[in-house]
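For reference, the chains in residue letters:
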Amino acid sequence: MDLRNELGESTTITVDSGPVRVYEQGSGATLVFVHGLFANAAVWRKVVPALAENYRCITADWPFGSHRLPMKSDADLTATGLAAIVAEVIEAMDLRDVTLIGNDGGGMLTQLTITRHPERIARIVLTPCDAYENFPPPMFAYLCWMARVPVTFELVSAAMRVPLLRRLLGRSPIGYGGLSHHKIDDELLDHYFTPVLERGIRRDVVRFLRSVDRSYTLDAAPSFPEVDRPVLVVWASDDKFFPLEHGERLARDFPHSRFVLLENSRTWVSEDRPETLISLIDEFVREPEIGCNRPR
């Protein structure tokens, strides 16, 4: 799948944990996008071209199971380790005054980045994501169990070599089918699924899944009231995995925040409501204080 038209040219940034493929398009204030588990930079393909008319858009294939460059064998791929990788890429590219935009597991990483590595972050956007005690969402807890039983994970990975099985699972409620109202086409499903067929990628995602624990998100939450950056929380009315009350709670806990509920959308708001998300991000970056809560 060639994403150059949507995301720009790619390059490889090497950090302590290994290589990260990064795409860049546009110029202006910098937006950095963070996707979730078993997804990659393609999640943002519907929003980057329009935003790149006014902003420098940085997307990446973060080591979340749909990346194509294996990390080092000793890489820290816990939630905090992945947040450190996000921060290291931002530093390696000498990005400043960044708007960090997270979705799904990437929203969780955004929370950890702003509380642990805030130096180059100017504002954040959180779309439906893991938070508080909901890490992982109960419907995806089976993945963590599979990662602890290597033969099971290997058998499922082998089954994914069959395109029909891959597409059936991908469109099921426990696959990508529950993340968007839109049908994910075969080319995109293959783009997300096929990297995990490689042993090095499986090793990376298994290491992450074995470390998943709600303590990471619960430990981050007490720091939210101390975050002095503007925060935009954009939640989805029809989300199956991330409860509305968590979006509202995030908006309450971050003192300089604004909450927006998107109707007719599930987790992948960039798939279901790309035009609205584009407008919200553009307005927020231009005038981040509009509609924000005042410090408590």
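Scroll up a little and you will see the structure.
Residues numbered from 1 in each chain as written. Predicted model: local features only at pLDDT ≥ 70, side-chain atom pairs only at ≥ 80, totals over all residues. Heavy atoms only, no water.

Focus: the sheet that holds strand S7 (residues 231-236)
1) Next: Read from one edge to the other, the open sheet built from 8 strands follows the order S1-S2-S4-S3-S5-S6-S7-S8, with strand pairing classed as mixed. Strands with a single pairing partner mark the edges of an open sheet, and in this sheet they are strand S1 (9-15) and strand S8 (257-262). Within the sheet, the average angular offset between the axes of one strand and its neighbour, ignoring direction, is 20°.
2) Next: Looking at chain direction, S7 and S8 are connected through 6 bridges and run parallel. (Pairing = 2+ DSSP bridges. Helix = DSSP H or I, 4+ residues; strand = E, 2+ residues; numbered from the N terminus. Axes fitted to C-alpha atoms, helices over the stretch in contact; angles between N-to-C directions.)

Regarding the pattern of salt bridges
1) Next: Summed over all chains, the structure comprises 11 salt bridges.
2) Next: When the shortest N-O distance is used, the salt bridge between Asp94 and Arg96 registers 3.0 Å.
3) Next: Assessed through its relative accessible area of 43%, Asp94 is described here as partly exposed.
4) Next: On the basis of relative accessibility, which here comes to 51%, the residue Arg96 falls in the exposed class.
5) Next: Residue Asp228 pairs with Arg229 through a salt bridge whose shortest N-O separation is 2.8 Å.
6) Next: According to the relative accessible area criterion, Asp228 is exposed, its value standing at 52%.
7) Next: Where salt bridges share partners, they join Arg45, Lys46 and Glu271 into one cluster. (Salt bridge = Lys/Arg side-chain N within 4 Å of Asp/Glu carboxyl O. Buried < 20%, exposed > 50% of the residue type's maximum accessible area, 1.4 Å probe, protein only.)

Some remarks on the packing of aromatic side chains
1) Next: A complete count under the given rule lists 10 aromatic pairs for this structure.
2) Next: Both rings, one in Tyr132 and one in Phe224, keep their centres 6.1 Å apart while their planes meet at 75°; by these two values the pair is edge-to-face. On the criterion of sequence distance, the pair formed by Tyr132 in the loop between strand S6 (121-129) and helix H5 (141-147) and Phe224 in the loop between helix H10 (215-220) and S7 is long-range, its members being 92 residues apart.
3) Next: The class of Tyr132 is buried, set by a relative accessible area of 1%.
4) Next: For Phe224, a relative accessible area of 0% gives the class buried.
5) Next: Between Arg249 and the ring centre of Tyr132, over which it is positioned, the NZ or CZ distance is 3.6 Å. (Phe/Tyr/Trp six-rings, centres within 6.5 Å; stacked < 30°, edge-to-face > 60°. Lys NZ or Arg CZ within 6 Å of the ring centre and 35° of its normal.)

Geometric descriptors of this kind do not, in isolation, establish any biological role.
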